Amino acid sequence: MNQQDRFKQLISHAKEYGFIYPSSEIYDGLGAVYDYGPNGVELKNNIRKYWWAAMTRLHENIVGIDAAIFMHPDVWKASGHVDAFNDPLIDNKDSGKRYRADQLIEDYLQKLDDKIYREVSKAAKRFGEKFDEKLFRETNPRIQQVREKKDGIHQRFVKALQDSNLNELRQIIIDCEIADPVSGSRNWTEVRQFNLMFETKVGSVREDANTIYLRPETAQGIFVNFLNVQKTSRMKIPFGIAQAGKAFRNEIVARQFIFRMREFEQMEMQFFVEPGKEMEWFEYWKDKRMRWHQSVIGNIEKLRFHDHDKLAHYANAATDIEFKFPIGFKEVEGIHSRTDYDLARHQELSGRRIQYFDPDTKDSYIPYVVETSIGLDRMFLAILANAYSEEKAPNAEGELEDRIVLKIHPALAPVQIAVLPLVKKDGLPEIARKIIDNLKIDFNCRHDEKDSIGRRYRRQDAIGTPYCITYYY
Ligand code: ATP
């Protein structure tokens, strides 16, 4: 089965077992917006809880907040989002489909990487134990050719992004003969910038109303509360502020299920450090966050770092943690060294002094910031994709049949314990309920007495329940 089909199966499994539904489905849905069902909300809450504990409970110097979604509109001027929160878009004239130009090129570069990987895997099989991968990569002419091609395009791509050169982005698409993935057509429009923020109005009288934005990231709620939190919690630098909450982006190209949504949830932590120490902390948080992902995913082969080709206007270093989704390696979390950009801009626009007074050195300064920013929904999808497996198991007649098992980490599973009375009589269901009563404060338990015991086990396998108790006497 190819990866696209696998992805489709995952999406239908997520719906069938109450993880994720399309939003407003009875009205045919709303693009790139999804609702979480009974199992989905449990899994999502557990991921959030695990992240929150890893950030705040395990770090004495990190505290949390929960800022409002609506913020003063000047926040987004200061942060640069009004002027620079844009995606470069390109339309295909034949199919009428719209794409992000940078993503079309990134996907093309990924294909070249895949080609190299395939050559190496083939050779590894052919040569067996004698295979020297490093030597092969350095000397094989076909690999060198593909690598040179990739490096050339990559350099042009990075420069075009850095110069915000939209014509050059288009030219790369034309030169690489990149086709519309849906229709195969190469008939492209110009590349245009598109701002991703949603606007709305506050105030009851429309004429007097002010335009405000739905926050496109949670981070700014942390920055504008920097002094409040530092003073009320008596925090000393280095310290961090964590927050989980909704963010909104008017994503134009949004057809990858919950990977790219218009309404999603972020879990962010801004870590405030002394200027000059940010690279040390950047490395620290890269390591910490990668370990967190490894603890959840288990399979380290499916995780990697990917340094940014273009740094955002506020950053002096940035890397992504990527997970190997069925649609390829993609970002789940960004780790950014944001310098003092945000606090300095808020100081400038608000006219308030936003500085940290160091009681030891008696110096005042604007701290530098290292941010860890993970998408809760993307992490949910990574966990689901990682967990989804098909197995053969004997049925009641001893014949092998297919079953879907979600291998979710027990600490995150939506249901931790299912209690299954063997038969629906002789007082067994009542005892099963008593078992649940004893466990339900600490664990999410489910009682199931319908159908054969085998089918009940299958149902729990399909939602990733780690423990089932069968009560039979
Ligand atoms: P991308 O390049 O995929 O658009 P980004 O670099 O713009 O992502 P950030 O601004 O760094 O993303 O946001 C931090 C995290 O928030 C991302 O790593 C991702 O997990 C999540 N995220 C961002 N946009 C979306 C979205 N539209 N839907 C779901 N999650 C998102």
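Structure first, text after, so check above.
Bear in mind that the values here come from a model prediction, so they are computed numbers and not experimental data. (Residues numbered from 1 in each chain as written. Predicted model: local features only at pLDDT ≥ 70, side-chain atom pairs only at ≥ 80, totals over all residues. Heavy atoms only, no water.)

1. Considerations on the overall build of the protein chain
Point 1. Broken down by element type, the protein chain carries 15 helices and 21 strands.
Point 2. Structurally, the protein chain occupies a C-alpha span of about 75 × 65 × 55 Å along its principal axes.
Point 3. Looking at the protein chain as a whole, 47% of its 473 residues are labelled buried.
Point 4. Considering only contacts within the protein chain whose residues lie at least 6 apart along the sequence, 67% involve residues at least 24 apart.
Point 5. Split by element, the accessible area of the protein chain, about 24800 Å² in all, is 48% carbon and sulfur.
Point 6. Of note, the protein chain has its 71 positive side-chain charges centred 2 Å away from the centre of its 73 negative side-chain charges. (Helix = DSSP H or I, 4+ residues; strand = E, 2+ residues; numbered from the N terminus. Buried < 20%, exposed > 50% of the residue type's maximum accessible area, 1.4 Å probe, protein only. Contact = heavy atoms within 4.5 Å. Areas by Shrake-Rupley, 256 points an atom, 1.4 Å probe, with all protein chains shown as cover. Lys, Arg positive; Asp, Glu negative; His and termini not counted. Charge placed at Lys NZ, Arg CZ, Asp CG, Glu CD.)

2. Re the site of the ligand
Point 1. The environment of the ligand is made up of 16 residues, and the closest members are Glu251, Arg260, Met261, Glu331 and Val332.
Point 2. A distance of 2.9 Å is found between an oxygen atom of the ligand and a side-chain nitrogen or oxygen belonging to Arg249.
Point 3. Here Gln266 contributes a side-chain N or O atom positioned 3.3 Å from an oxygen atom of the ligand.
Point 4. The protein chains hide 87% of the 590 Å² of surface that the ligand would expose on its own.
Point 5. Broken down by secondary-structure element, the contributors of at least two residues to the shell around the ligand are strand 10 (263–273), strand 13 (328–339) and strand 16 (368–375).
Point 6. Element by element, the count of residues in the shell around the ligand is highest for strand 13, at five residues.
Point 7. Split into classes, the residues belonging to the shell around the ligand amount to four nonpolar, five polar and seven charged. (Near = heavy atom within 4 Å. Polar contact = N/O pair within 3.5 Å; in protein donor to acceptor, adjacent residues only side chain to side chain. Nonpolar A, V, L, I, M, F, W, Y, C, P; charged D, E, K, R; others polar.)

3. Here's the deal with the side chain of Asp342
Point 1. Position of Asp342 among the secondary structure elements: in helix 12 (residues 341–350).
Point 2. Taking the relative accessible area as the measure of exposure, Asp342 reaches 2% and is therefore buried.

4. What to know about the nonpolar core
Point 1. Judged by nonpolar contacts, the single largest core of 57 residues is most densely connected at Phe19, Ile47, Trp51, Trp285, Met379 and Phe380.
Point 2. Among the elements that line this core, the one with the most residues is helix 13 (residues 376–387), at nine residues.
Point 3. Once residues within four sequence positions are removed from consideration, Met379 is found in contact with Ile47, Trp292, His293, Val296, Ile297, Val332 and Ile374.
Point 4. Core analysis: the second largest hydrophobic core is formed by 27 residues, Ile90, Ile116, Ala123 and Phe131 among them. (Core = buried A, V, L, I, M, F, W, Y, C linked by side-chain atoms within 4.5 Å.)

5. Here's the deal with the packing of aromatic side chains
Two aromatic rings are characterised by how far apart their centres lie and by the angle between their planes.
Point 1. Summed over the entire model, instances satisfying the criterion amount to 19 aromatic pairs.
Point 2. With 6.2 Å between their ring centres and 0° between their planes, Phe127 and Phe131 make a pair best called stacked.
Point 3. Lying across the ring of Phe305, Lys286 places its NZ or CZ 4.8 Å from the centre.
Point 4. One Lys or Arg, Arg338, reaches over the ring of Tyr314 and ends 4.0 Å from the middle of that ring. (Phe/Tyr/Trp six-rings, centres within 6.5 Å; stacked < 30°, edge-to-face > 60°. Lys NZ or Arg CZ within 6 Å of the ring centre and 35° of its normal.)

6. With respect to unusual backbone geometry
Point 1. That bond from Ile237 to Pro238 is cis: its omega, 5°, falls within 30 degrees of zero.
Point 2. Locating Pro238 in the fold gives a position in the loop between helix 10 (226–232) and strand 9 (239–248).
Point 3. A positive phi angle, close to 55°, is found at Glu177, a residue other than glycine.
Point 4. Looking at the secondary structure, you find Glu177 in the loop between helix 8 (166–175) and strand 6 (188–195).
Point 5. Classification of Glu177 as exposed rests on a relative accessible area of 53%.
Point 6. Unusually for a residue other than glycine, Arg234 sits at a positive phi of about 50°.
Point 7. If you trace the backbone, Arg234 turns up in the loop between helix 10 and strand 9.
Point 8. With relative accessibility at 72%, the residue Arg234 sits in the exposed group.

7. A word on the sheet that holds strand 4 (residues 86–92)
Point 1. The strand order across the open sheet built from three strands is 5-4-6, with neighbouring strands paired in antiparallel fashion. If you trace the sheet from one side to the other, it starts and ends with strand 5 (98–100) and strand 6, each paired once. Averaged over neighbouring strand pairs, the angle between their axes works out to 35° when direction is ignored.
Point 2. Pairing geometry for strand 4 and strand 5, over three bridges, is antiparallel. Bridging from a neighbouring strand, Leu89 pairs with Arg100 of strand 5.
Point 3. Across the sheet, helix 5 (residues 101–127) touches strand 4, strand 5 and strand 6, and the angle it forms with strand 5 is around 70°.
Point 4. Across the sheet, helix 8 is in contact with strand 4 and strand 6; its angle to strand 6 comes to roughly 135°. (Pairing = 2+ DSSP bridges. Axes fitted to C-alpha atoms, helices over the stretch in contact; angles between N-to-C directions.)

8. Focus on the packing of helix 5 against helix 7 (residues 141–162)
Point 1. Interaxial distance between helix 5 and helix 7 falls to 10 Å at its minimum, and their mutual angle equals 160°. Considered as vectors, helix 5 and helix 7 are oriented roughly antiparallel to each other. At the point where helix 5 passes helix 7, the crossing takes the left-handed sense. For the pair helix 5 and helix 7, contact is made by Asp102, Ile105, Glu106, Tyr108, Leu109, Leu112, Asp113, Lys115, Ile116, Glu119 and Val120 and by Arg142, Ile143, Val146, Arg147, Lys149, Lys150, Ile153, His154, Phe157 and Leu161, respectively.
Point 2. Partitioned by chemical class, the residues of the contact of helix 5 with helix 7 number 11 nonpolar, one polar and nine charged. (Parallel < 35°, antiparallel > 145°, perpendicular 65-115°, else oblique. Left-handed = near helix turned anticlockwise from the far one by under 90°.)

9. Section: the environment of Arg192
Point 1. Structurally, the position occupied by Arg192 is in strand 6.
Point 2. In this structure Arg192 comes out as partly exposed when scored by relative accessible area, which is 42%.
Point 3. Note: C-alpha distance between Arg192 and Tyr467 (275 residues apart in sequence) is 53 Å.

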